[in-house]
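Each chain is listed here by its residues.
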Amino acid sequence: GVGEEYDDISDFDSDEEVDSDDDNVHISGAVNPTDIMAEAKRKRMSKAEKLEKILEGRQKWESKERAGGSTNTEKKRKKNFAMSKFSFSARQKVGEKETAKKGKKREQLANGRDAKKRRRKF
């Protein structure tokens, strides 16, 4: 009849009784879930270990250089460029002569570099 060529492949025998138990269901080609499941990566932390980890994380943030928020120079540096593009100070710089700019830079180099400021190319 129909499907006779697949009889030798299948595990199911027509003369066996079908069990109603879900525990013993066998599907050919199926994989046992316990074979696939990953092992737990790490065990649960005890209360002391959790506390230790929390305190360790807090110490990371305790060392601040200065009390208070960001300085005006930091704010100026982090400000969106599009906002300050046409500002008064930016327009003043456009009018500056090239020789005046070079003179300012040379003067700054002679005075030495402030350690707190970021390094910029001249």
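For the structure itself, consult the block above.
Below: a short report on this structure. In this text the structure is predicted, and so the values were computed from the model without any measurement.

**Concerning the overall build of the protein**
Okay, so step 1: Of the regular secondary structure elements, the protein holds 6 helices and 0 strands.
Okay, so step 2: Element order for the protein, N to C, with α for helix and β for strand: α-α-α-α-α-α.
Okay, so step 3: Each of the 122 residues in the protein was classed as buried or not, and the buried ones make up 1%.
Okay, so step 4: Carbon together with sulfur atoms contributes 51% to the accessible area of the protein, which is approximately 13,400 Å² in total.

**Looking at a positive patch on the surface**
Okay, so step 1: Residues Lys76, Lys93, Lys101 and Lys105 make up a contiguous surface patch of positive charge.
Okay, so step 2: Summarising the element assignment, Lys105 is placed in helix 6 (residues 98-111).

**Concerning helix 6**
Okay, so step 1: With 14 residues, helix 6 extends 20 Å from end C-alpha to end C-alpha; this agrees with the ideal 20 Å at 1.5 Å per step.
Okay, so step 2: Across the 14 residues of helix 6, 0 count as buried, placing the element largely on the outside.
Okay, so step 3: Looking one or two places after helix 6, you find Gly112, whose phi comes out positive at around 95°.

**Thoughts on the environment of Ser87**
Okay, so step 1: Assignment of secondary structure puts Ser87 in the loop between helix 4 (81-84) and helix 5 (88-95).
Okay, so step 2: In this structure Ser87 comes out as partly exposed when scored by relative accessible area, which is 23%.
Okay, so step 3: Polar side-chain contacts of Ser87 include one of 3.0 Å to the backbone oxygen of Ser84.

Conventions we followed
- Each chain carries its own residue numbering, running from 1 in the written order of its sequence.
- Note on the predicted model: pLDDT of at least 70 is required for a residue's local features to be given, and 80 or more for side-chain atom pairs to be given and counted; whole-chain, interface and lining totals, by contrast, use all residues.
- Calculation of side-chain values draws on the structure's entire complement of heavy atoms; hydrogens and water are dropped beforehand.
- In this text, helices come from DSSP runs of H or I with a minimum length of four residues, and strands from runs of E with a minimum of two, each type numbered from the N-terminal end.
- Burial classes: relative accessible area under 20% of the type maximum marks a residue as buried, over 50% as exposed, and values in between as partly exposed (1.4 Å probe, protein chains only).
- With residues, only the protein chains shown are counted as cover, and all accessible areas are computed by Shrake-Rupley using a 1.4 Å probe.
- Like-charged residues are merged into a patch within 9 Å and nonpolar side chains (Val, Leu, Ile, Met, Phe, Trp, Tyr) within 5 Å, provided each residue has over 30% relative accessible area and no salt bridge.
- Salt bridges are identified by distance alone: a Lys or Arg side-chain nitrogen within 4 Å of an Asp or Glu carboxyl oxygen.
- His is not counted, nor are the chain ends, whereas Lys and Arg count as positive and Asp and Glu as negative.
- Taken as the charge location is NZ of Lys, CZ of Arg, CG of Asp or CD of Glu.
- A helix's residues, less one, multiplied by 1.5 Å, set its expected span.
- Throughout this description, a polar contact denotes any pair of N or O atoms lying within 3.5 Å of each other; where both atoms belong to protein, one of them has to be capable of donating a hydrogen while the other can accept it, and for residues adjacent in sequence the pair is counted only when both atoms sit in side chains.

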